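Single-letter residue listing:
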Amino acid sequence: MWYVLCGGRLSKKLEVHFFPIIYYFFLKINIILSAGMASSALEAIHSKEKDWFRERVWIDPFKIGRLAVVEKVTNLFTSGGGGGGGTTQNKDTATSAAGGEIIEESSLDDPPTSPSLPAGEVTDKRRKWIEYMMLGSDGYSDPPNGGIKVRPLQGLHAIDYLATSTVAKAPSYVFAYVIQALFNVGYDDVTLDACPYDWRLPPQKLHDRDHYFFKMQKKIEGMVDHLKTPVVVLGHSMGNRVIQYFFQWLENSGQQKWIDQHIHAFLAMGPVFLGSSKALRTVLCGDAMGLEMFLTAEESLFMARNSASLPWLFPVMERLYPDDVIRVNTEKDNQTALPYTPVQFTSYLQTHVPRSLRYYEEFYLKNPLYLQPKNADDILPILQPPPVKRVWVLYGVNRQTEVGYYMKGKKAEVDVTADRYSGKKLAGINPRGLIIQQGIAYENSDIFQPSVLLNKSGDGTVPFCSLNYAERAWSDCVHVYNVEVNDAEHREMLCHEGVLLELMKLVCWRVAEKGGGGDRSS
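Residues numbered from 1 in each chain as written. Predicted model: local features only at pLDDT ≥ 70, side-chain atom pairs only at ≥ 80, totals over all residues. Heavy atoms only, no water.

What to know about the nonpolar core
Judged by nonpolar contacts, the single largest core of 145 residues is most densely connected at Leu33, Trp129, Phe175, Ile220, Leu267 and Val507. Among the elements that make up this core, the one with the highest residue count is helix α8 (residues 238–252) (eight residues). Residues in contact with phenylalanine 175, not counting those within four places in the same chain, are Leu33, Ser34, Ala35, Ile159, Asp160, Leu234, His236 and Leu494. Tyr406, Ala418, Tyr421 and Ile429 belong to the second largest nonpolar core, which has 10 residues in total. (Core = buried A, V, L, I, M, F, W, Y, C linked by side-chain atoms within 4.5 Å. Buried < 20%, exposed > 50% of the residue type's maximum accessible area, 1.4 Å probe, protein only. Helix = DSSP H or I, 4+ residues; strand = E, 2+ residues; numbered from the N terminus. Contact = heavy atoms within 4.5 Å.)

Quick look at the structure:
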């Protein structure tokens, strides 16, 4: 079978050729969008530089990348190739290109310098962009030196593309293709809206500082009052965590009736219902979030370890993961016969990244709307079924997805020597026979998933158990409709034609030119 998505501006319908049937889609229900981590554009509303005022900070490649590009060019000529390879060091830090070495907690209070700049540059000059992006050491306050405030842009324009420059716009897409497809069937900025948010903040501070969930509620009320129909709240990745927290906030304040009147369905694309182990690797070893050309390894690690929002994505209910998320090399320890010992990720964070653990405990473990149940035997709040009538879940499957890590004991580095156990079912070392590459354990389409009794894997970023949790755990309490799209990658699903087709089937009326094709979204 094949299909092509195309739209007619005058007819206000989307024509989808799905051989041998042609579907015509029409606007059905209003939609509110919530984007994922690092997927809402941010601008400087207070600035020490006049030319930065009301300018995008996230993302503007011309603000981000000058020193990173200089470093890569410098390394290319000084190391005989390799671009971003080599090691950068100063007296406080030592980080490899993979972000492996430990950065001392004291050095995390100041933005990293760029020690490999060519002669003539000021080597201890702070990255201005880092200064604008970073929050205070408490994880939520504006920079303590004053004069800087960065906030999210508003509306669809904040989540279509992150960058506006010609060079960077296309690859910075978020919901751009989803918005275009919906506009093609008759949606506009009245029937389709967004709730961008400052993804640097932990959930309760998002509300304390920006009154975010109150504003989200009022935006939905305005849409419902104007159009006399409830809305679908559609999230992608961490945007689903935001929506879940919104529902918890409403329910905790006794607003179930409001939910029933205003929410038609919760549509979760690429959800992280049980978190993602990749968030841990980002904190431990650094991840440039696709901005390798603009961020140095040191900068990406610095940003991750100073983030109070990344723990929003830490694994929840680890026992449902294919294996222990972290195993530590203990070959030199005479107390054990096994080369690796499983440890709780909180213990490993305590040793290597105590600041991230502090954020996790303060903003998540002790949060009654997230991980702190009212009673010891209660299900964790964030894992409770959403208090809505319908949950639609749409995600990709059967991509190789990282699910665990073999770590060194004394350094926050992955242990590449674990690769010798790749694909081998060994009790206490690799009991599921996972693929191990560069010390990272992956699930693939050959891994058995107990929740569905089939061999499957995640979407390349989120493990299958996390994507599939709603169907596994909530189906007895709420109507859960689950749609899997083979080989749709976590971010690329937002421009994947198969995913867009399934999305249209859920939120639009549709008419088939030949037979069948009834509406599944009710």
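Considerations on helix α10 (residues 277–285)
Among the nine residues that make up α10, eight are buried, leaving the element largely enclosed by the rest of the structure. Every buried residue belonging to α10 is among Ser277, Ala279, Leu280, Arg281, Thr282, Val283, Leu284 and Cys285, and all of these are buried. Glycine 286 occupies a position one or two residues after α10 and carries a positive phi of about 90°.

Let's talk about the side chain of asparagine 306
Relative to the assigned elements, asparagine 306 resides in the loop between α11 (297–305) and β13 (326–329). Polar side-chain contacts of asparagine 306 include one of 2.7 Å to the side chain of arginine 355. (Polar contact = N/O pair within 3.5 Å; in protein donor to acceptor, adjacent residues only side chain to side chain.)

Overview of the environment of serine 475
By the element assignment, serine 475 lies in the loop between α15 (469–473) and β21 (479–486). Distance from serine 475 to arginine 390, taken between C-alpha atoms, is 10.0 Å for residues 85 residues apart in sequence. Discounting chain neighbours no more than four positions away, the residues touching serine 475 are Ala470 and Val480.

With respect to the confidence of the model for the protein
Averaged over every residue, the pLDDT of the protein is 84; the share at 70 or more is 80%. A low-confidence stretch, residues 80–109 (pLDDT under 50), is modelled with 69 contacts involving residues beyond four sequence positions or located in other chains. (pLDDT = per-residue confidence, 0-100.)

Describing the sheet that holds strand β6 (residues 56–58)
Remark on secondary structure: sheet strands pair via backbone hydrogen bonds, oriented parallel or antiparallel. Overall, antiparallel pairing links the three strands, which are arranged β6-β5-β9 in an open sheet. Both edges of this open sheet fall to β6 and β9 (149–152), since each of them pairs with a single strand only. Strand-to-strand twist of the sheet, defined as the mean angle between neighbouring strand axes without regard to direction, takes the value 50°. Pairing of strand β5 (residues 42–46) with β9 involves four bridges; the strand directions are antiparallel. Of the residues in β9, the one forming a bridge with leucine 42 is proline 152. (Pairing = 2+ DSSP bridges. Axes fitted to C-alpha atoms, helices over the stretch in contact; angles between N-to-C directions.)

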